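Observations on the three-dimensional arrangement
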Amino acid sequence: MFKNFFASLFVNWELVYSTQDVAEYSSIRGKLENNNVKYKTKTISYGGGEGGGYGFSSTYQLFVPKEVVHKANKAIHH
């Protein structure tokens, strides 16, 4: 258990996909899952809410460990 925790602290993650389309994000995430590619998601939200303006805009980013970038790109683009 501790081994996995400490190993995850030192994994270098690389951005492999970024989109503002939630359907596209879900599709790409599914491709990574179907190909057993470990990933993390970061969502950046702009605007909306109290004092944030009228529009909502979010960017969805998918990161994978550096050692599986090639596998992730193959899963995404093929």
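The rules we used
- Residues numbered from 1 in each chain as written.
- Predicted model: local features only at pLDDT ≥ 70, side-chain atom pairs only at ≥ 80, totals over all residues.
- Heavy atoms only, no water.
- Phe/Tyr/Trp six-rings, centres within 6.5 Å; stacked < 30°, edge-to-face > 60°.
- Helix = DSSP H or I, 4+ residues; strand = E, 2+ residues; numbered from the N terminus.
- Buried < 20%, exposed > 50% of the residue type's maximum accessible area, 1.4 Å probe, protein only.
- Pairing = 2+ DSSP bridges.
- Axes fitted to C-alpha atoms, helices over the stretch in contact; angles between N-to-C directions.
- Contact = heavy atoms within 4.5 Å.
- Polar contact = N/O pair within 3.5 Å; in protein donor to acceptor, adjacent residues only side chain to side chain.

1. Thoughts on the packing of aromatic side chains
Between two aromatic rings, the relevant description is the distance of the centres plus the angle of the planes. Scanning the entire structure with this criterion turns up 1 aromatic pair. Both rings, one in Tyr25 and one in Tyr60, keep their centres 5.0 Å apart while their planes meet at 20°; by these two values the pair is stacked. Of this pair, Tyr25 sits in helix H2 (residues 22–34) while Tyr60 sits in strand E3 (residues 57–65); the two residues are 35 residues apart in sequence, bridging distant segments of the chain. Like Tyr60, Tyr25 is buried.

2. Some thoughts on unusual backbone geometry
If you check the backbone angles, Asn36 has positive phi at about 55° while not being a glycine. Relative to the helices and strands, Asn36 is located in the loop between H2 and strand E2 (40–46). With relative accessibility at 67%, the residue Asn36 sits in the exposed group.

3. A few points about the sheet that holds strand E1 (residues 13–19)
Sheet strands line up and pair through hydrogen bonds in the backbone, either parallel or antiparallel. In spatial order, the strands read E1-E3-E2; together these 3 strands make up an open sheet with antiparallel pairing. For this open sheet the edge positions go to E1 and E2, each flanked by a neighbour on one side alone. Strand after strand, the sheet turns through a mean of 25° between neighbouring axes, direction not considered. Alignment of E2 against E3, held across 7 bridges, turns out to be antiparallel. Across the sheet, Tyr46 pairs through a bridge with Ser57, a residue of E3. Packing of H2 onto the sheet brings it into contact with E1, E2 and E3, and relative to E3 it is tilted by some 15°.

4. Quick notes on the side chain of Thr59
Its place among the elements puts Thr59 in strand E3. Within the local environment of Thr59, its side chain forms a polar contact with the side chain of Gln20, the two groups lying 3.3 Å apart. Excluding anything up to four places from it in sequence, Thr59 contacts Ser18, Thr19, Gln20, Lys42, Thr43, Ile44 and Tyr46.

5. Examining the pairing of E3
Working note: regular strand, side chains alternate between the two faces of the sheet. Counting buried residues along E3, 7 of its 9 residues qualify, which places the element largely inside the surrounding structure. Pairing geometry for E1 and E3, over 6 bridges, is antiparallel. Considered in E3, the bridge of Ser18 is made with Gln61.

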